[in-house]
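Here is how the chains run, residue by residue.
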Protein chains: 2
Amino acid sequence: MKIYKNPARSRWGGLCARPAKPPRALDAVVAEVFDKVAAKGDEALKAYTRRFDGVSIDKVAMPAGQVERLAGRVSPDLRRAIDQAYENIRKFHQSQEPTPRESIETFPGVLCWRERRAIERVGLYVPGGSAPLVSTVLMLGVPAQLAGCQAITLCTPPTPDGTVGPAICYAALKIGATTVVRVGGIQAIAALAIGTESVGRVDKIFGPGNQYVTAAKQYAASNARTAIDMPAGPSEVLVVADGLADPEFVASDLLSQAEHGPDSQAVLLTDDYVLARAVKKAAARQLKTLPRSEITGQALSGSFCVVFDSIGLALEFSNAYAPEHLILAMRKAGSYVNKVSSAGSVFVGDYSPVTAGDYASGTNHTLPTDGWARSSSGVSLDSFVKQVTFQKLTRKGLSGLAPTITVLAQAEGLEAHARSVRLRLEEI
Amino acid sequence: MKIYKNPARSRWGGLCARPAKPPRALDAVVAEVFDKVAAKGDEALKAYTRRFDGVSIDKVAMPAGQVERLAGRVSPDLRRAIDQAYENIRKFHQSQEPTPRESIETFPGVLCWRERRAIERVGLYVPGGSAPLVSTVLMLGVPAQLAGCQAITLCTPPTPDGTVGPAICYAALKIGATTVVRVGGIQAIAALAIGTESVGRVDKIFGPGNQYVTAAKQYAASNARTAIDMPAGPSEVLVVADGLADPEFVASDLLSQAEHGPDSQAVLLTDDYVLARAVKKAAARQLKTLPRSEITGQALSGSFCVVFDSIGLALEFSNAYAPEHLILAMRKAGSYVNKVSSAGSVFVGDYSPVTAGDYASGTNHTLPTDGWARSSSGVSLDSFVKQVTFQKLTRKGLSGLAPTITVLAQAEGLEAHARSVRLRLEEI
């Protein structure tokens, strides 16, 4: 972990840059899989699952009875944990439901309003990998359920025995998934974007994944008119800490981010050089006893610390970096909340580790990485709905606005536009 | 205008399909322009403006004094029209400001909340083309201003004399643009995404444009981590009309959409064959006296009408099509609002032509085309802000959630995550 001291502003850009993304050499592979899935449907999904996952599946979609049977096998501890996380996530996302608004009269006789509509068909991608990500099911499924999406299709790579793990099944039932599909990777995204005999085409695809899944999502957005939640990048944490922060706590937060993968970003900003040194030492010690110490150590060695003259400067840098997760580990941390302008999710004070938000506090863990927090929000109830605008004008309303409309339409050279108004107001 | 009668549901997909997009052969050109702008900055912008627009500009950004001087030349009629449109757009977008929410306690000792933050730096692209689109300045600028964006950079191609039209200048001042840049096309998008000596890099780019601008925006999103409002496609209207609708009104709406360009989409759905014939006839007659009759006629000949057995079926089809603009031209049109699930903006009743929303009623005219209304909303105040989530746990709150968090972290094989919680709760 490298420590920088008071870098000149001209160097901030370089420090804020994330590692370059691998070139998009995957496009040809992705296009081939999409074409095959379009041509062969379920057969293609089964063939790719055999080839890429080494697993034979008889049916692509899990029969409902099987999902229920498997869900019954979750241990009581894990069931309780899923239930509690579900409740908290539900409470927080329910609070995002906006107060319904009346229509407003922008001009006499001109009523305008918005109405929310659920996105009808959504696809949730749940990565398999080293461990099934049951938390992803909750983070994507709870807002989909609250929004009232009609079809919720969950795709996840099969287990070696060709099924889906009990915890995923249990969570899928809780969030009201309408179909559980035991297919992962590019072929899963292709199925969601195009549709097959047993996987209905969806309007929007959510969920994290490896570089193949990410490339497939971007391909679906460009070529199959399927919306995606966001481009997913390596996980990130930025901690702003003053001299009173507990170095052990801070080190544990950096490590839990680094644990995600060798390309995870962990950054510490502080106004206290002694703290920086103490965190570095604590991280090295804590690392030794971690089971994923190799991956974690790799990520940690690529991470850095910047010692600034003041916490104010540190927060300015943080906004320029726009981290996925931001921890405020200062005395009176709450008083700095107003200074945060760009971050995915913010953790305030000593007892708010990122892990709490990853699993159970109720906030969403699907967040913008790679600087996208400058312009984008994490997944929320809003991600599963559209806002449709409506307007209703009376004849008098249209008549009152007619001079404005026709002058502007003619200034833009659009005569048919002007006429669609004038014609309605001609005396009969 | 082709008329279909009661097509089988299996044919709906084909009817809902938009014309295939031209292949993305522009990527190489776009990449070259981006590279040049990155290397040469303002010089590259001037060179491209000479080459592509045939105009020499001395400075890329308009001096503030010049913008004010030019704005003073707007005719009183046009000024009044801009003022009125500005007021209405402002009122409607202000009504989108959400009621501030308190934080909610999802679990004892666990507080979660969201706060809105303006996107700091936004770029508004205003196409030149046959006529300057002053309405675009208002539709993008008003919500940017209301959101509180700090830097609002407006880019538009220069007029032949190397300046920017008076109406654009007047509107730019109204919406509080911080810089007016007289550059258009790919090079304008490159400047916004990368930044040059006189054009600050932005976080999100908004605005319509031709295929070059659209390709450049997509390139900026994929390669320069710059957010974009939406992929822009040809304009669309879908009218649902019953036998009591006025065929002249309906025809004028189809024509005003067709006027945008030869690839515009205009669709009529009805339950009355007689109306369909009457609209077709009226459109042909109205077309004759339009100044842009060639373009408009081309678009009209590519458009179609479907006669269904019922208005209910027509609305089902409309939702499957997901039009940018939807006109409800039925008796008691308001009673069908609930049945609309996918559309960009909806115009209710006889006196609500799309043109009203294009210019002056207050709703935004930057809307999803090409079926994206299934998953996306038009531009609104929301497009210029981010929602940042926050959480603050007490020691007791973390302690209460610890079993849930650690069980889930361990189920996912993430030991460092579990430790970041346990370590905070160890007795001192």
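Look above for the structure.
A brief report on the enclosed structure follows. (Residues numbered from 1 in each chain as written. Chains lettered and ligands numbered in written order. Predicted model: local features only at pLDDT ≥ 70, side-chain atom pairs only at ≥ 80, totals over all residues. Heavy atoms only, no water.)

Description of the nonpolar core
Stage number 1. Core analysis: the biggest nonpolar cluster contains 64 residues, and Ile82(B), Val122(B), Ile175(B) and Phe384(B) have the highest contact counts within it.
Stage number 2. The leading source of residues in this core is helix 6 (residues 134-147) of chain B, at 9 residues.
Stage number 3. Setting aside residues no more than four positions away along its own chain, Phe384(B) makes contact with Arg117(B), Ala118(B), Ile119(B), Val122(B), Leu124(B), Leu140(B), Pro143(B), Ala144(B), Ala147(B), Cys149(B), Phe206(B) and Val379(B).
Stage number 4. Within the second largest apolar cluster, 61 residues are counted, among which are Ile82(A), Val142(A), Cys169(A) and Phe384(A). (Core = buried A, V, L, I, M, F, W, Y, C linked by side-chain atoms within 4.5 Å. Buried < 20%, exposed > 50% of the residue type's maximum accessible area, 1.4 Å probe, protein only. Helix = DSSP H or I, 4+ residues; strand = E, 2+ residues; numbered from the N terminus. Contact = heavy atoms within 4.5 Å.)

Section: the sheet that holds strand 4 (residues 121-125) of chain A
All names here are of chain A.
Stage number 1. Pairing is parallel in the open sheet, where 5 strands are placed in the order 6-5-4-7-8. Edge strands, defined here as strands with exactly one partner in the open sheet, are strand 6 (179-181) and strand 8 (227-228).
Stage number 2. In terms of strand pairing, strand 4 meets strand 7 (residues 204-206) through 3 bridges, oriented parallel. Across the sheet, the residue bridging to Val122 is Lys204, located in strand 7.
Stage number 3. Against the sheet, helix 8 (residues 185-194) touches strand 4, strand 5 (151-155) and strand 7, its axis set at about 175 degrees to strand 4. (Pairing = 2+ DSSP bridges. Axes fitted to C-alpha atoms, helices over the stretch in contact; angles between N-to-C directions.)

Some points on the relation of the copies chain A and chain B
Stage number 1. With an RMSD of 0.0 Å, chain A superimposes on chain B once it is rotated by 180 degrees and translated 0.0 Å along the axis. Those values place the two copies in the arrangement expected of a two-fold rotation axis.
Stage number 2. Taken together, the interface assignments show that 100% of the residues at the interface of chain A recur at the interface of chain B, consistent with an identical surface on both copies. (Least-squares fit on C-alpha atoms with pLDDT ≥ 70 in both.)

Some details on the environment of Leu78(B)
All names here are of chain B.
Stage number 1. Examined against the element boundaries, Leu78 turns out to sit in helix 5 (residues 76-94).
Stage number 2. What makes Leu78 buried here is its relative accessible area of 14%.
Stage number 3. Expressed as a C-alpha distance, the spacing of Leu78 and Lys288, which sit 210 residues apart in the sequence, is 28 Å.

Things to note about the interface of chain A and chain B
Stage number 1. The interface is formed by 119 residues belonging to chain A together with 119 residues belonging to chain B.
Stage number 2. Summing the contributions of chain A and of chain B, the shared interface buries around 10,500 Å²; its carbon and sulfur component is 57%.
Stage number 3. Of all residues in chain A, Arg225(A), Tyr351(A) and Arg424(A) give up the largest surface area on contact with chain B, accounting jointly for 8% of the area buried on that side.
Stage number 4. In this assembly, chain A and chain B are joined by 6 salt bridges. (Buried area = accessible area lost by both parts, 1.4 Å probe. Salt bridge = Lys/Arg side-chain N within 4 Å of Asp/Glu carboxyl O.)

Observations concerning the packing of aromatic side chains
Residue and element names in this part refer to chain A.
Stage number 1. Summed over all chains, the structure comprises 18 aromatic pairs over all chains.
Stage number 2. A centroid spacing of 5.7 Å and a plane angle of 75 degrees characterise the contact between Trp12 and Phe308, whose relative ring orientation is edge-to-face. Of this pair, Trp12 sits in helix 1 (residues 12-16) while Phe308 sits in the loop between strand 11 (304-307) and helix 13 (311-321), placing them 296 residues apart in sequence.
Stage number 3. For the ring pair Phe308 and Phe317, a centre distance of 5.6 Å and an interplane angle of 50 degrees mean the geometry is tilted. (Phe/Tyr/Trp six-rings, centres within 6.5 Å; stacked < 30°, edge-to-face > 60°.)

Comments concerning the sheet that holds strand 7 (residues 204-206) of chain B
All names here are of chain B.
Stage number 1. The strand order across the open sheet built from 5 strands is 6-5-4-7-8, with neighbouring strands paired in parallel fashion. Of all strands in the sheet, those with a lone pairing partner are strand 6 (179-181) and strand 8 (227-228), marking the two edges.
Stage number 2. In this structure, strand 7 lies alongside strand 8, joined through 2 bridges in parallel fashion. If you follow Lys204 over to strand 8, its bridge partner there is Ala227.
Stage number 3. The strands touched by helix 6 are strand 4 (121-125), strand 5 (151-155) and strand 7; relative to strand 4, the strand with the most contacts, the crossing angle is about 170 degrees.

Remarks on unusual backbone geometry
Stage number 1. Although it is not a glycine, Arg225(B) sits at a positive phi angle of roughly 50 degrees.
Stage number 2. Residue Arg225(B) is classed as partly exposed on the basis of its relative accessible area, which comes to 23%.

Considerations on the pattern of salt bridges
Stage number 1. Inspection of the entire model under this criterion finds 30 salt bridges over all chains.
Stage number 2. Across the salt bridge formed by Arg121(A) and Asp203(A), the nearest N and O atoms sit 2.6 Å from each other. Here Asp203(A) lies in the loop between helix 8 and strand 7 and Arg121(A) lies in strand 4, a separation of 82 residues in the sequence.
Stage number 3. Notably, a salt bridge pairs Glu415(B) with Arg419(B), separated by 3.6 Å at the nearest N-O pair. Pair noted here: Glu415(B) and Arg419(B) are both in helix 16 (residues 415-425), with a separation of 4 residues, about one helical turn.
Stage number 4. Taking the relative accessible area as the measure of exposure, Glu415(B) reaches 17% and is therefore buried.
Stage number 5. Overlapping salt bridges, with partners in common, bring together Glu415(A), Arg419(A) and Arg422(A) in one network.

Side note on the packing of helix 5 of chain B against helix 7 (residues 166-174) of chain B
Residues and elements named next belong to chain B.
Stage number 1. The geometry of helix 5 relative to helix 7 is characterised by a closest axis approach of 11 Å and an angle of 35 degrees between their N-to-C directions. Where helix 5 crosses over helix 7, the two elements pack in a sense that is right-handed. On the side of helix 5, the interface is formed by Leu78, Arg79, Ile82, Asp83 and Tyr86, while helix 7 contributes Ala167, Tyr170, Ala171 and Lys174.
Stage number 2. Across the contact of helix 5 with helix 7, the residue classes break down as 6 nonpolar, no polar and 3 charged. (Left-handed = near helix turned anticlockwise from the far one by under 90°. Nonpolar A, V, L, I, M, F, W, Y, C, P; charged D, E, K, R; others polar.)

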